[in-house]
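Residue strings, one per chain:
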Amino acid sequence: LLCRGVALRGPSPSQFGFTRKSSAGAAAVSASDTMFRRWLSLRDITRGSNSKDVYLGIRASSRTRTNFSHILRHFRGGEGGLKKLVRRKSLGQVFLKDSGVVGSILRHAAISNSDDVVEIGCGLGVLTLPLSQKARSLTIIESDSGFLAETCGRISQECAHRVTSLHGDFTKIGFDKVLPERFVVVTNLPYQISTFFIQTVIANRSRIQKAIVMVQRDFAERLAAPPGNKVYGSLSIFGQFYLNVRKLIEVPRTAFKPIPKVESQVIEIVPRKKPMFELNEELFFRLVRSAFWGRRKSLAKCIRESPFLKDCDPKPIPPCECQFFQDRPLVRGEDLSIKEFVQLYSELFPNEKRI
């Protein structure tokens, strides 16, 4: 069956099976209902001479007769049929449409032909296409096979050899399958994975040169917040301990389709060459989590009652014995800088040597 410019999708009747022809020319597997409900990846289907032509081998299940017209009614097509890809709300998919914002992101990224780039969540390719033209290599990580196929299909033949696509969930594969040793991240990040992204960047900070990332504005404010700010918290300290974070441009809701309920912000993240302080990081961040465990409580009370310090080894000395709290008995965690947290850590754990 030759499908011209057709996006293949549909709720399949259980009586239909599919055989796909791969580029190797071998028959593939029958698709179950669950597989057929997903978008078929055009990379796995033999293309015709026209890049939008797709040859699909269809066979009937042994259980029933195949009605080809019934199958085709489930397909969405037309000129540029892939424009009808369906947004998956569970993935938080909203698509950047403002070319001015795209241009600003690219200017701040300043990608050259010596840079290896990673993009997480390609959407409809508004960042992917210019990145594929500028970078030495581009790795796309995308969990939706339909949008991945659509984006890869739009990349020019001159740039296609530079692009590697990874179909998978970033929260499961992270940067493990990214081949370049050092790379730049440029992405309009799915907002629900923002915290996981920061954790993954910190874990891979030796590999990442910088990241230009679109995130929810509230998240950006928390990540970059200074002491005393109402949104300053454990995320602020955790991020700034390992990363230099700079807010770049504010992005209105109208820059996306569909329009989300939140405002967005583009930020620059540059990993520090080494953490701000050398100490027992696991123990230090137990203290930090304790400080923000009860925001309306004094810091001394938070430390006494915190579940994060009950089972730690070594245990902290009582706050009443610390000079820090004799000078500032009612201080709260949101008032302390990272340097002051390190000072408090040194007093609470006097036998814990700095690494």
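Calculation criteria
- Position labels on residues start from 1 in each chain and follow its written sequence.
- Whole-chain, interface and lining totals are the exception, using all residues; otherwise, since this is a predicted model, local features are given only for residues with pLDDT of at least 70 and side-chain atom pairs are given and counted only at 80 or more.
- Computation of side-chain values covers all heavy atoms of the structure but excludes hydrogens and water.
- Each nonpolar core is a collection of buried residues, namely Ala, Val, Leu, Ile, Met, Phe, Trp, Tyr and Cys, held together in the definition by side-chain atoms within 4.5 Å.
- For each residue, the accessible area found with a 1.4 Å probe, counting protein chains only, is set against the maximum for its type, and the residue is called buried under 20%, exposed over 50%, and partly exposed in between.
- In this description, strands pair whenever DSSP reports at least two bridges between them.
- Put simply, DSSP H or I for four residues or longer makes a helix, DSSP E for two residues or longer makes a strand, and each gets a number counted from the N terminus.
- What counts as an axis is a line fitted to C-alpha atoms, over the stretch in contact for a helix, and the angles between N-to-C directions run from 0 to 180 degrees.
- Here, residues are in contact when the closest pair of their heavy atoms is within 4.5 Å.
- Here a polar contact is recorded for every N or O atom pair within 3.5 Å, except that within protein the pair must consist of a potential hydrogen donor and a potential acceptor, and residues adjacent in sequence are included only if both atoms are side-chain atoms.
- Every angle not falling under 35 degrees, over 145, or within 65 to 115 is termed oblique; those three ranges are roughly parallel, roughly antiparallel and roughly perpendicular.
- Left-handed describes a crossing whose near helix is turned anticlockwise from the far helix through less than a right angle; right-handed describes the clockwise counterpart.
- Amino acids are sorted into nonpolar (Ala, Val, Leu, Ile, Met, Phe, Trp, Tyr, Cys and Pro), charged (Asp, Glu, Lys and Arg) and polar (every other residue, Gly among them).
- Only centres within 6.5 Å qualify two rings of Phe, Tyr or Trp (six-membered ring in Trp) as a pair; their planes then separate them into stacked at under 30 degrees, edge-to-face at over 60, and tilted for everything else.
- The criterion is that NZ of a Lys, or CZ of an Arg, lies within 6 Å of the ring centre and within 35 degrees of the ring normal, and then a charge sits over that ring.

(A) Representation of the nonpolar core. With 58 residues, the main nonpolar core has Phe-175, Phe-197 and Phe-284 as its most contacted residues. Of all hydrophobic cores here, the second largest spans 29 residues; its members include Ala-135, Cys-159, Val-163 and Leu-248.

(B) Local environment of the sheet that holds strand 13 (residues 264–271). Read across the sheet, seven strands follow the order 8-7-6-9-10-13-11 without closing on themselves; strand pairing throughout is mixed. This sheet does not close on itself; its edge strands, each paired only once, are strand 8 (163–167) and strand 11 (243–251). For this sheet the average axis-to-axis angle between neighbouring strands, irrespective of direction, equals 20°. Across the sheet, helix 5 (residues 145–154) lies against strand 7 (137–142) and strand 8, angled at about 170° from strand 8, the strand it touches most.

(C) View of unusual backbone geometry. Omega for the bond connecting Lys-257 with Pro-258 falls within 30 degrees of zero, at -10°, which places this linkage in the cis form. Positioned with a positive phi, Ala-110 is a non-glycine residue whose angle comes to about 50°.

(D) Examining helix 5 more closely. Most of helix 5 sits inside the fold, with seven of its 10 residues counted as buried. Among the residues making up helix 5, those that are buried are Ser-145, Gly-146, Phe-147, Leu-148, Ala-149, Glu-150 and Thr-151. Buried residues along helix 5 sit in contact with strand 5 (95–96), helix 4 (128–134), strand 7 and strand 8. Residue Asp-144 occupies the N-cap position of helix 5, its side-chain oxygen lying 2.9 Å from the main-chain nitrogen of Gly-146.

(E) Seen up close, the packing of helix 11 (residues 281–291) against helix 14 (residues 338–348). The interhelical angle for the contact between helix 11 and helix 14, taken along N-to-C directions, is 110°, at an axis separation of 10 Å. It follows that helix 11 is roughly perpendicular to helix 14 by the angle criterion. Between helix 11 and helix 14 lies a crossing whose hand is right-handed. Seen from helix 11, the contacting residues are Leu-283, Phe-284, Leu-287, Val-288 and Ala-291; seen from helix 14, they are Phe-341, Val-342, Leu-344, Tyr-345 and Leu-348. Per-class residue counts for the contact of helix 11 with helix 14 are 10 nonpolar, no polar and no charged.

(F) Fine view of the packing of aromatic side chains. Per the counting criterion, the structure on display carries 17 aromatic pairs. With 6.3 Å between their ring centres and 40° between their planes, Phe-170 and Phe-197 make a pair best called tilted. Here Phe-170 is found in helix 7 (residues 170–173), whereas its partner Phe-197 is found in helix 8 (residues 194–203), with 27 residues between them in sequence. Phe-170 gets classed as buried once you look at its relative accessible area, which sits at 4%. Under the relative-accessibility criterion, Phe-197 is labelled buried at 1%. Their ring planes at 80° and their centres at 5.4 Å tell us that Phe-324 and Phe-325 sit as a pair that is edge-to-face. Note on accessibility: Phe-324 and Phe-325 belong to one class, buried. One aromatic cluster is present, built from ring pairs that chain together Phe-238, Phe-241, Tyr-242, Phe-284, Phe-285, Tyr-345 and Phe-349. Between the NZ or CZ atom of Arg-289 and the centre of the ring of Phe-308, over which it lies, the distance is 5.3 Å.

Keep in mind these values describe shape, not function.
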